[in-house]
Amino acid sequence: MQRAFLPSFLLLTALTAGLNEARATRLALPASVQDTIVMRLPNRATLTLTVRDAAQLRQLKNYHLDSLTTRLATYITQAEAAAKAGTTNQVTMRFYPDKDQPGQNLPEEIRITAHKPGTDGTKGPTKTQVFLNKKFGIKTDSDINGVNSISIDTNGSAKATAKGDSAKRANRKDRHTVDLHLELGYNTFVNSSTNSVSSGPPSLRYWSLFGGSGMTGIGLDYVQPLAYSKRAKLALTFGPEFVSNSFMLRGNDQWVKSGGVTTAERAPDSKQIDDSKLVINSLNLPLMLRLKLRNKEDKRTLSAGIGAFGGYRVGGNITTEYKLAGSDNKHEDKLRGDLNVNNWQYGLQGELGFHFLRFYAKYNLNEVFKENQGPQTQALSFGFRFIGF
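Bear in mind that the values here come from a model prediction, so they are computed numbers and not experimental data.

Asks: Describe unusual backbone geometry, with residues and values.
Replies: Phi at Asn191 takes a positive value of approximately 50°, unusual for a residue other than glycine. For Asn191, the location among the structural elements is in strand β8 (residues 177–193). Positioned with a positive phi, Asn372 is a non-glycine residue whose angle comes to about 60°. Secondary-structure assignment places Asn372 in the loop between β18 (357–367) and β19 (376–387). Judged by its relative accessible area of 42%, Asn372 is partly exposed.

Asks: Any chance you could break down the confidence of the model for the protein for me, citing the residues and the numbers?
Replies: Of all residues in the protein, 69% attain a pLDDT of 70 or more, and the chain-wide mean is 77. Across residues 1–33, where pLDDT falls below 50, the model places 70 contacts with residues more than four positions away in sequence or in other chains. The low-confidence segment residues 154–164, where pLDDT is below 50, has 29 contacts with residues more than four positions distant or belonging to other chains.

Asks: Which residues make up the packing of aromatic side chains, and what are the values?
Replies: In the structure shown here, the tally under the stated rule is six aromatic pairs. Ring centres 6.3 Å apart and planes at 40° place the aromatic pair Tyr186 and Phe382 in the tilted group. Of this pair, Tyr186 sits in strand β8 while Phe382 sits in strand β19, and the two are 196 residues apart along the sequence. With 4.8 Å between their ring centres and 75° between their planes, Tyr312 and Trp344 make a pair best called edge-to-face. Taken together, the positions of Tyr312 in strand β15 (residues 300–324) and Trp344 in strand β17 (residues 344–354) put the pair 32 residues apart, joining distant regions of the chain. Taking relative accessible area as the criterion, Tyr312 reaches 36% and is therefore assigned partly exposed. Over the face of the ring belonging to Tyr322 we find Lys271, whose NZ or CZ atom lies 4.3 Å from the ring centre. Over the ring of Phe309 we find Lys362; its NZ or CZ atom is 5.7 Å from the centre of that ring.

Asks: Break down the pattern of salt bridges for me, with residues and values.
Replies: This model, assessed by the stated rule, comprises nine salt bridges. Asp221 serves as the salt-bridge partner of Arg290, at 3.4 Å between the closest nitrogen and oxygen. With Arg290 in strand β14 (residues 271–294) and Asp221 in strand β9 (residues 214–228), this pair connects stretches of sequence that are 69 residues apart. Of the two residues examined, Arg290 and Asp221, each falls in the buried class. Salt-bridge contacts for Arg290 lead to Glu351; the nearest nitrogen and oxygen are separated by 2.6 Å. With Arg290 in strand β14 and Glu351 in strand β17, the pair connects residues that are 61 residues apart, well separated along the chain. The exposure class of Glu351 is buried, given its relative accessible area of 5%. Here the residues in one salt-bridge network are Glu183, Asp221, Glu241, Arg290, Glu351, Arg358, Lys362 and Arg385, joined through shared partners.

The rules behind these values
- Residues numbered from 1 in each chain as written.
- Predicted model: local features only at pLDDT ≥ 70, side-chain atom pairs only at ≥ 80, totals over all residues.
- Heavy atoms only, no water.
- Helix = DSSP H or I, 4+ residues; strand = E, 2+ residues; numbered from the N terminus.
- Buried < 20%, exposed > 50% of the residue type's maximum accessible area, 1.4 Å probe, protein only.
- pLDDT = per-residue confidence, 0-100.
- Contact = heavy atoms within 4.5 Å.
- Phe/Tyr/Trp six-rings, centres within 6.5 Å; stacked < 30°, edge-to-face > 60°.
- Lys NZ or Arg CZ within 6 Å of the ring centre and 35° of its normal.
- Salt bridge = Lys/Arg side-chain N within 4 Å of Asp/Glu carboxyl O.

Below is the structure:
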């Protein structure tokens, strides 16, 4: 295949110098009309040239097609060697001469698909696509019998392919983005055990997202791409996040702080508890490794992530709303300041979702309360995360 390229492009060079005048009458057509020249070369290679007018034919000499053939020969040799050594039936390789040697008017991309040789030693078909710029493209094909054909298009048919395939993915690979995310979920206590101030985990009320043991969060994700393919993207994300975790007690229990200890205890019968809630607000810095998948139409599908988080408590309170026996008046007690909870928050997290909607889970490695100053327990949060909406 490589020997067939050189005569083809040498003849093309001659075309740019001589056929302008000899065939100007035929090629001088309106801008909306195309003209096609098909040449069959002695080595059985076929050259197809599609132009809009004679001016486009004269412009071909600006692309240094003779030096391009030398590069193609080298690239095709590499692709055929990779196909021969590979485990699949075909191998596609991409080369970017213009990035390697900028300023020399070299092709933006050369994409070569080589097939593994057959068991009888015959060479499989090879396909080559070359994109020089947005409006100029070359496609070459070699079938299994070694018959070569070259197609040159100056009317923009390569524009959509080059821009929608290689350039689009290259830009997406290098692009750093910042996404806004919102979290809504529930909290529960896990890994609880008895200690000197508690006989077990407090019983929580869950099934009221904003009035129960809920979790809300809002933050920014700085996305740093690490690896990219046509169907998948691997990225590292990090950024500040504000999180509010609430733990509401069930029934007639209430949070009580006495001295240096915070506990959950049963309220006296004369006191009817509407809700007693411990709120912990923290500023976190999550760090996650995220994988996003795409379908054949280049649309986002499934995504998954795993990582960790760390942060510091920036506020919180204990709020108890209640009524006294024989009265319909509602009372509220609110305690701020030192709640005997751990100021440092850290743990593990993961997510799984589709498009902008993810299901997440967060597990706090730190205990909620300081040692011997509250129930010995850790927190688990789970819910939904909305990203980039």
